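Examining the three-dimensional arrangement
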Amino acid sequence: MPLKYLKNFLNEENLKKIERINNSELHEFLLRYIELCEPSKVFVATDSYEDELYIRNRAIVYEEERLLKTPGHTVHYDNYYDQARDKEHTYVLNEDDKKLPYIKTMEREKALREAHELLDGIMKGKELFILFFSLGPKDSPFMVPAVQLTDSAYVAHSEFLLYRKAYDEFVRKPDLHFLKFVHSEGELDERKVSKNLEKRRIFIDLVDDISFAINTQYAGNTIGMKKPAFRMTINHATKEGWLSEHMFLMGVNGPHGRVSYFTGAFPSMCGKTSTCMLIGERLVGDDLSFIKNINGEARAVNVEYGVFGIIQGINKKDDPYIWEVIHSPKEIIFTNLLIHEGIPYWNEMGEEIPCKGENHSGKWWCGKKDAEGKEIPPSHKNARFTARLFYFPNLDHEALDAKNGVKLSGMIFGGRDSDTWPPVCESFNWEHGVAMKGASIESETTAATLGKEGVRKYNIMSILDFLSVHIGKYLSNYLDFGKKLKNPPKIFAVNYFLKDKDGNYLNDKLDKKIWLKWMDLRAHNEVEAVETPIGYIPKYEDIKPLFKQVLNKDYTREDYEKQFTIRIPELLSKIERIRRIYEDICDIPSEIFEEINAEEKRLKDARKKYGDYISPFKLY
Ligand code: SPV
Ligand code: MN
């Protein structure tokens, strides 16, 4: 029936595209939101290059993007106050209006009413784009189909760079169940940025797998398949026994052409991108992974097909791959940075930045202040580039497209920690790793985040902003997932930010490469390790040659001893903080407390024997 009514809103060509899909759930969804939002025009995008090109051009015609000097490059701006995820106005809606410890929820009926009121007639005079994508590889055990409705050609264009097109899957498979995303940027001002920020809302309804993003353009709010979908897939994964994680996916080149795959979860500004983009290793994904048990193995895929990366600090020396990509004539969208004479500039790019141009605040000059009296830098600290993964010279193409994913050798958890964790440490087993590494991530705030610097923030699996299910259920699922595997991936913790007593960093930026090479060797049982109260750390003899071979660096016993000293007082304080967090939450699996207690006991026993600061050599 709905198909019949869709005739009233779609022209013949677009209607034909929908008629090819035999899916009443889709037809109802489209009819409902087209009727409600009242767009003046509707465009249905298939997987064809022409359709993609049409949308790319619409972004220019509607002035949501502007062409830059380098062919393929465009710039988009968001409202000055709409340049990061809006946690304040993001609500998860669930079955019994259950409250969640760390994220906002709202009474479902009330939220849906508000969403529908805000959407009523919101697309008048606008063109609506209907798009089909797949999270994870198409036609695979990982595939999660998704349909996006948006009135922003910029959002639609970004999605073509970031996700796998899947119109053909919808045509091939009748009644495919899918995630639904409705976005409207609302009214725009003369800079073509969302105007009504006081009515900015992001609702994620776990009951019907539908999300609404209203009066916002920032991609982390609006691109359905990114963070809105993530809250939904965490919910599905927890119920269905798999993992949907805020993790990169990369391959580490080991000896004799061997490749070992790792996922990595880090809170922002802790080295997630710089790890998966390391020179000489293999990039698969930089943000989101699905992990499933396939024939007893943990196998992982990148949910996405592109990169929505932070641009601040990207420079030629430290980020050669990203630098190359964003300086070539490829399809790149830059957001919220400085443009002068058609060329993009950003903070800490290691090159001279002109003192005028246009940026995220409009017309810009050096020293310009915002309404709050704060000096405006050339680019917003969350300014980004959007690019297809396909462009990256270090991309592992096969792994990206592998329908059964890649076998995981390990999972890495990291945070910004000046004084507690050693640079790398392997957990004793899956349960220990889940509890004492992943579920114990903390990160110190930096100058780039609001509030006081150096404050430790708990961030379980670096997923806290998105944790749409109860932490206890999430952790139980994690623990069970490992129990069902024949040989669970090893769990590692890393810390790139360890300092000495005088506040000097104990590691160089590239040392992380050594930790990865060691993880590869550990995953294949090729080196021994030193057992400490918190897990296994490398032996000096094993990493010294790695430093020489890989970085041509002379790694001394003193370097090693400083970096891998077990700092008992700091580790015990951390245990106390983590225990308190979990004691305050009901229904945390008992294994978590067992791991916490056991680690505390090991630390106290070690202190009795060796004192507060234990040289790793003492534990050999
Ligand atoms: C993050 O903040 O984790 C991001 C960017 O990946 S956003 O899309 O805004 O979530
Ligand atoms: Mn992210």
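What follows deals with the packing of helix α15 (residues 512-523) against helix α16 (residues 540-551). α16 packs onto α15 with a crossing angle of 125° between their chain directions and a minimal axis gap of 10 Å. If you check the angle between α15 and α16, you find them oblique. Both α15 and α16 take part in a crossing whose hand is right-handed. Contact residues: α15 offers Lys-513, Ile-514, Trp-515, Lys-517, Trp-518 and Leu-521, while α16 offers Ile-543, Leu-546, Phe-547, Val-550 and Leu-551. Considered class by class, the residues forming the contact of α15 with α16 number nine nonpolar, no polar and two charged.

With 14 residues, helix α9 (residues 227-240) should reach 20 Å at 1.5 Å per residue; the first-to-last C-alpha distance of 20 Å fits that figure. Counted residue by residue, α9 has 11 buried out of 14 residues, so it is predominantly covered. Considered for burial, the residues of α9 that qualify are Lys-227, Pro-228, Ala-229, Phe-230, Arg-231, Met-232, Thr-233, Ile-234, Asn-235, Ala-237 and Thr-238. Looking one or two residues beyond α9, the residue adopting positive phi is Gly-241, at roughly 85°.

Let us now look at the domain arrangement of the chain. Taken domain by domain, the chain consists of domain 1 (2-63 + 85-240) and domain 2 (243-306 + 398-619). Here domain 1 and domain 2 have C-alpha centroids that lie 35 Å from each other. Across the boundary between the two partners, domain 1 contributes 31 residues, which contact 39 residues of domain 2. Across the domain 1/domain 2 interface, buried area totals approximately 2,900 Å², and carbon plus sulfur atoms make up 64% of it. Scanning the region where domain 1 abuts domain 2 turns up five salt bridges. One salt bridge in this structure joins Lys-87 and Asp-465, with 3.4 Å as the shortest N-O distance. Linking domain 1 to domain 2 there are 17 residue pairs in polar contact (both at pLDDT 80 or more).

What counts as what
- Residues numbered from 1 in each chain as written.
- Chains lettered and ligands numbered in written order.
- Predicted model: local features only at pLDDT ≥ 70, side-chain atom pairs only at ≥ 80, totals over all residues.
- Heavy atoms only, no water.
- Axes fitted to C-alpha atoms, helices over the stretch in contact; angles between N-to-C directions.
- Helix = DSSP H or I, 4+ residues; strand = E, 2+ residues; numbered from the N terminus.
- Parallel < 35°, antiparallel > 145°, perpendicular 65-115°, else oblique.
- Left-handed = near helix turned anticlockwise from the far one by under 90°.
- Contact = heavy atoms within 4.5 Å.
- Nonpolar A, V, L, I, M, F, W, Y, C, P; charged D, E, K, R; others polar.
- Expected span 1.5 Å × (residues − 1).
- Buried < 20%, exposed > 50% of the residue type's maximum accessible area, 1.4 Å probe, protein only.
- Domains from an automatic or database assignment.
- Buried area = accessible area lost by both parts, 1.4 Å probe.
- Salt bridge = Lys/Arg side-chain N within 4 Å of Asp/Glu carboxyl O.
- Polar contact = N/O pair within 3.5 Å; in protein donor to acceptor, adjacent residues only side chain to side chain.

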